[in-house]
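Chain and residue survey
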Amino acid sequence: MAITVDVRLETFPLDQTFTISRGSKGAADVVVVELVDSGGHRGRGECVPYPRYGETPGGVIAQIESLAARLRQDLDRRALQETLPAGAARNAVDCALWELEARQRHCRVHELAGLPAPEPVTTAYTISLDEPARMRESARQQAQRPLLKLKLAGDVADADRVAAVREGAPEAQIIVDANEGFAAIDIEERVQEWESWGVRLVEQPLKADEDRALELLHSSVLLCADESCHVADDVERLRGRYGVVNIKLDKAGGLTEALRLRERARAAGMEIMVGCMVATSLSMAPAMLLAQGALVVDLDGPLLLSQDRPLGLRYEGSLVHAPAPDLWG
């Protein structure tokens, strides 16, 4: 059955500048793949090219376009795993293939994957890295949310940032994310700070190539691998360093590998966090299948945009509802 392939770059302005330890952005640049067969069945996928992994919009589009001839003929999800490496390009194509096959079979993606129908989940809401006073005000505006995620820098102002957020949202649970911003030499001292702050979880405290130092660390705070964990084969290396892995579709290269990663991590006794890049509801929808039963869900990307897609995910405060069929799945 012949398939038409459309690949395009779309830009969604953010509600406000989003800053992490590596830099700032004012818009979400996403690459969308749309596959339509001769019977009119459609599958879509969205990805975020991420400079941390050497990705650019142009490079990701070129990767996808290199597959166009095979996509028009017989490329399926299994062959895709061997054709493209894990990353944003494979994610967009993989999610589009999942939806296309589900529509061809007149079922939902969760049924095709042998999963239960997704239920609503509670997402964290991210407080962007900033001066403590501004983070306090951001937290005050989001104080009704049960879980706040703070971006930290790994510098001397972090303690003030956490204290400011605590003051702004005293009832919220807090997780922190330094995006590899802490130094291995200071990690014992940092643990004492995390424990005194009462944070629930710390994401990726050290650079991915320095996290062996965590093997000797004793911490009552959960440590979560993000930049260190992309695919299922990473899990064995991370045992003894982290208790949680953050699964993101753009890192894993799609829902197919993300489901494998979740299974492997759980078998290793690790908890699951499901995260996202800053993107639209089209990126979040497949991740809702992964988020079922996760310890932490961080699918707030659309909440950071000035405007999401029409028919996007429905958010009631921090409660995220399952995607409607017209969005994805």
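Attention here is on the structure that accompanies the text. Along each chain, numbering runs from 1 in the same order as the chain's sequence is written. Two thresholds apply to this predicted model, a pLDDT of at least 70 for residue-level local features and 80 or more for giving and counting side-chain atom pairs, whereas whole-chain, interface and lining totals are computed over all residues. Note: side-chain values were computed over all heavy atoms of the structure, leaving out hydrogens and water.

Focus: the pairing of strand β9 (residues 222-225)
One face of the sheet, then the other: side chains in a regular strand alternate in exactly this way. Using the following cut-off: Two strands make a pair as long as DSSP finds a minimum of two bridges between them. Each helix is a run of DSSP H or I of at least 4 residues and each strand a run of E of at least 2, with the numbering of both proceeding from the N terminus.
Bridging between strand β8 (residues 201-203) and β9 involves three bridges; their strand directions are parallel. Counterpart to Val202 in the pairing with β9 is Leu223.

A short note on the environment of Pro118
How we decide: Should any heavy atoms of two residues lie within 4.5 Å, those residues are counted as being in contact.
Within the element layout of this structure, Pro118 appears in the loop between α5 (109-112) and β4 (121-122). Separated by 203 residues in sequence, Pro118 and His321 have C-alpha atoms that sit 8.3 Å apart. The residues touching Pro118, leaving out its near neighbours within four places in the chain, are His110, Met288, Leu289, Gln292 and Ala322.

Observations concerning the packing of helix α4 (residues 88-104) against helix α11 (residues 255-267)
Just so we agree on the cut-off: To define axes, lines are fitted to C-alpha atoms, for helices over the stretch in contact only, and angles between the resulting N-to-C directions are given on a 0 to 180 degree scale. Throughout this description, any angle smaller than 35 degrees is read as roughly parallel, any larger than 145 degrees as roughly antiparallel, any in the 65 to 115 degree range as roughly perpendicular, and the remainder as oblique. When residues are sorted by character, Ala, Val, Leu, Ile, Met, Phe, Trp, Tyr, Cys and Pro go into the nonpolar class, Asp, Glu, Lys and Arg into the charged class, and all the rest, Gly among them, into the polar class.
Their axes nearest at 8 Å, the elements α4 and α11 cross at an angle of 95°. Looking at the two axes, α4 sits roughly perpendicular to α11. Between α4, through Arg90, Asn91, Asp94, Cys95 and Trp98, and α11, the contact on the second element is made entirely by Leu255, Thr256, Glu257 and Leu259. Here the contact of α4 with α11 is composed, by residue class, of four nonpolar, two polar and three charged.

Focus: empty space enclosed by the protein
To be explicit about the condition: Residues are said to line a cavity or pocket when one of their atoms sits within 4 Å of a point; the points come from a 1 Å grid over protein atoms alone, cavities being sets where a 1.4 Å probe fits but cannot get out and pockets being open sets with protein on both sides within 12 Å along at least five of seven lines. Grid points are joined across faces, edges and corners, and a volume is the space filled by probe spheres set on the points.
With the rule as written, the count across this model stands at one cavity of 30 Å³ or more. Within this model, the largest cavity holds a volume of roughly 120 Å³. Residue lining of the largest cavity: 18 residues in total, with Asn91, Leu249, Asp250, Cys276 and Ser283 positioned closest to the centre. At the level of secondary structure, the elements contributing two or more residues to the lining of the largest cavity comprise β3 (42-47), α4, α10 (249-252) and α12 (281-290). Per-class residue counts for the lining of the largest cavity are eleven nonpolar, four polar and three charged.

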